[in-house]
Amino acid sequence: MQKFAINTLIMTIIAIAVGFLVVFAIYSNKAAVGQQADASSDYLIKQIEELEDDAASLEKQIIDTRSQIESLQTKQENSQTIISNEEKKLSNLNLMAGFTELTGPGIIITLDDNTEGAALAKKTNPSTYQPENFIVHDKDLLYIVKSLSNASEAVSINDIRLVDTSHIRCVGTVIMVNSTRVAPPYEIKIIGNADALENTLYECSRYKYLIQYDMPIKVEKTKDLTIPAYSGVYSAKYMQLVPQDDNE
Amino acid sequence: MWLPILGLFIGILLGIGFAFPLPAIYAEYLSIAVLAGLDSILGGWRAGLEGKFKSNVLLSGFFVNAAMAALLAYLGDLLGLDLYLAAVIVFGLRIFNNISSIRRGLLERYNIRKHHKNQQPSSDSQITEEQISTKTQK
């Protein structure tokens, strides 16, 4: 009986140990599987968070780049406006300086020497004949052009453009316009209001004087006049810009 | 007979009460050791039924088998071989062998008891399992 009791006791102890170990093993196994799952899900969560961060930073970059593009575009537009404004100014200045060929309405005044009158006077009254009374002088051209200057926008004499620095003078028996010799008939082309030009011309004392002396003058109004560009240059040897502050 | 089964339940309750999770790498070795322990206790039961129970065999078998199984699994891990499978197969086979032997032993005892009852149908003396196991051991 004693041996039996010891055997039963040993069996019982072993059974307790086995039962404990079984539960222990199951518990540990579950925990291990759980740990693995936890680890992998942690890893995935971390990855997701990283990717989300990446996406957020990339989105921010996109927004930054977009605003940069916009600012550059506005800058470009601004500079384009500035350039076009400057181009307009430049073309306007070129126009005013006479560097461009122009067209428009206006009048053509044709002056010629009074050859017939001269021949007649020579024949009938040779003693009092004065040839200078029968030819066109430089001042005739100058006075007529200047008297019309307030109504004229562009002027040419025999297709030589007159600008601010132009001169009309005589050298001996020849009239020079912009240092170029011109010969009769003198064709003065003026772009402007044709009616106003015509009226101003008829009021001009020099015109009346020339009519009095029977000089052949022809006045023609036209709607389509072409005046060539100024072929000379403006000299800027002595003049200088006065320095200006940019505070406007 | 009932005491070891009671002990098993006590062990399970103790496990539920005090078990803590081992690190994942040791959980596998523990499982192998548990398999060895199960084999040992079933072997003890079988030996008891067959009357060949020896406490030192059971005790040494329990500890050495569990330790060796765990060691084998560890060695397998070191070598990169699934050596724990060998332990699983061997102990699995032995557990099934033990179970079948126990089943046969129990059936035999049941038949003996039936025979006993048939011989003395009016007998009021109760034959306990302990008495039978003592008889079979002797």
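All values reported here derive from a predicted model rather than from experimental measurement.

Looking only at helices and strands, chain A has five helices and eight strands in total. For chain A, the α and β elements follow one another from N to C terminus as α-β-α-α-β-β-β-β-β-β-α-α-β. A compact globule built from 248 residues would reach a C-alpha radius of gyration of about 18 Å, whereas chain A, at 52 Å, exceeds it by more than 25%. Principal-axis analysis of the C-alpha atoms places the extent of chain A at approximately 190 × 40 × 30 Å. When each of the 248 residues of chain A is scored for burial, the buried share is 31%. Here chain A has roughly 17,300 Å² of accessible surface; of this, 55% comes from carbon and sulfur atoms. Positive and negative side-chain charges in chain A, numbering 22 and 33 respectively, have mean positions lying 5 Å apart.

Before going further, it helps to spend a moment on the layout of surface pockets. All names here are of chain A. Space inside the largest pocket adds up to approximately 580 Å³. Lining the largest pocket are 23 residues; nearest its centre among them are E153, A154, V155, L162 and V163. At the level of elements, α1 (2–97), β1 (102–111), α3 (138–147), β2 (152–157) and β3 (160–162) are the ones that each hand at least two residues to the lining of the largest pocket. By residue number, the principal contributor to the lining of the largest pocket is β2, which donates four residues. Of the residues in the lining of the largest pocket, the class split is 13 nonpolar, six polar and four charged. Each of domain 1 (1–97) and domain 2 (101–227) gives at least three residues to the lining of the largest pocket.

So, about the domain arrangement of chain A. How big an interface is tends to be stated in terms of accessible area lost as the parts join. When cut into domains, chain A gives domain 1 (1–97) and domain 2 (101–227). With centres defined by C-alpha atoms, the gap from domain 1 of chain A to domain 2 of chain A works out at 91 Å.

Turning our eyes to something else, we now look at helix α1 (residues 2–18) of chain B. Residues and elements named next belong to chain B. The terminal C-alpha atoms of α1 lie 24 Å apart, and with 17 residues this matches the ideal 24 Å at 1.5 Å per residue to within 8%. For α1, the set of buried residues is P4, G7, G11 and G15. Taken down its axis, α1 places every buried residue within 80 degrees of arc, on the same side. More than 90 degrees from the buried face of α1, the exposed residues found are W2, F9, L13, I16 and G17.

What follows concerns the packing of helix α4 (residues 194–203) of chain A against helix α5 (residues 205–212) of chain A. Put simply, α4 of chain A and α5 of chain A touch, their axes get as near as 5 Å, and they point 65 degrees apart. Facing α4 of chain A, whose interface residues are L201, Y202 and E203 of chain A, α5 of chain A presents S205, Y207 and K208 of chain A.

Residue and element names in this part refer to chain A. Under the criterion given, the structure shown has eight salt bridges over all chains. For D195, the salt bridge is made with K221, and the minimal N-O distance between the two is 2.6 Å. In this pair, D195 is assigned in helix α4 and K221 in strand β8 (residues 217–227), connecting sequence segments 26 residues apart. Here K221 falls in the partly exposed class, since its relative accessible area comes to 42%.

Right, let's talk about the interface of chain A and chain B for a bit. On the chain B side, the residues contacting the 24 residues of chain A number 33 residues. Summed over both partners, the interface of chain A with chain B comes to about 2,700 Å²; 83% of that surface belongs to carbon and sulfur atoms. Of all residues in chain A, F4, M11 and I14 of chain A give up the largest surface area on contact with chain B, accounting jointly for 20% of the area buried on that side. At the junction of chain A with chain B, the criterion picks out zero salt bridges. Joining chain A to chain B, the criterion identifies one residue pair in polar contact (both at pLDDT 80 or more). Here the side of chain A that touches chain B is built from residues that sort into 17 nonpolar, seven polar and no charged.

All names here are of chain A. Taken across its ten residues, β1 has eight buried, putting it largely inside the fold. Where β1 lies against β8, nine bridges are found, and the strand directions are antiparallel. Looking across to β8, one finds that L102 is bridged to I227. Judged from the six bridges that link them, β1 and strand β7 (residues 186–192) form a sheet pairing that is antiparallel. Among the inter-strand pairings, I109 is bridged to a residue of β7, identified as I188.

What counts, and at which threshold
Residues numbered from 1 in each chain as written. Chains lettered and ligands numbered in written order. Predicted model: local features only at pLDDT ≥ 70, side-chain atom pairs only at ≥ 80, totals over all residues. Heavy atoms only, no water. Helix = DSSP H or I, 4+ residues; strand = E, 2+ residues; numbered from the N terminus. Rg over C-alpha atoms; globule rule 2.2 N^0.38 Å. Buried < 20%, exposed > 50% of the residue type's maximum accessible area, 1.4 Å probe, protein only. Areas by Shrake-Rupley, 256 points an atom, 1.4 Å probe, with all protein chains shown as cover. Lys, Arg positive; Asp, Glu negative; His and termini not counted. Charge placed at Lys NZ, Arg CZ, Asp CG, Glu CD. 1 Å grid on protein atoms, 1.4 Å probe; cavity = no way out; pocket = protein on both sides within 12 Å on 5 of 7 lines; lining within 4 Å. Points joined across faces, edges and corners; volume = space filled by probe spheres on them. Nonpolar A, V, L, I, M, F, W, Y, C, P; charged D, E, K, R; others polar. Domains from an automatic or database assignment. Expected span 1.5 Å × (residues − 1). Arc of directions from axis to C-beta. Axes fitted to C-alpha atoms, helices over the stretch in contact; angles between N-to-C directions. Contact = heavy atoms within 4.5 Å. Salt bridge = Lys/Arg side-chain N within 4 Å of Asp/Glu carboxyl O. Buried area = accessible area lost by both parts, 1.4 Å probe. Polar contact = N/O pair within 3.5 Å; in protein donor to acceptor, adjacent residues only side chain to side chain. Pairing = 2+ DSSP bridges.

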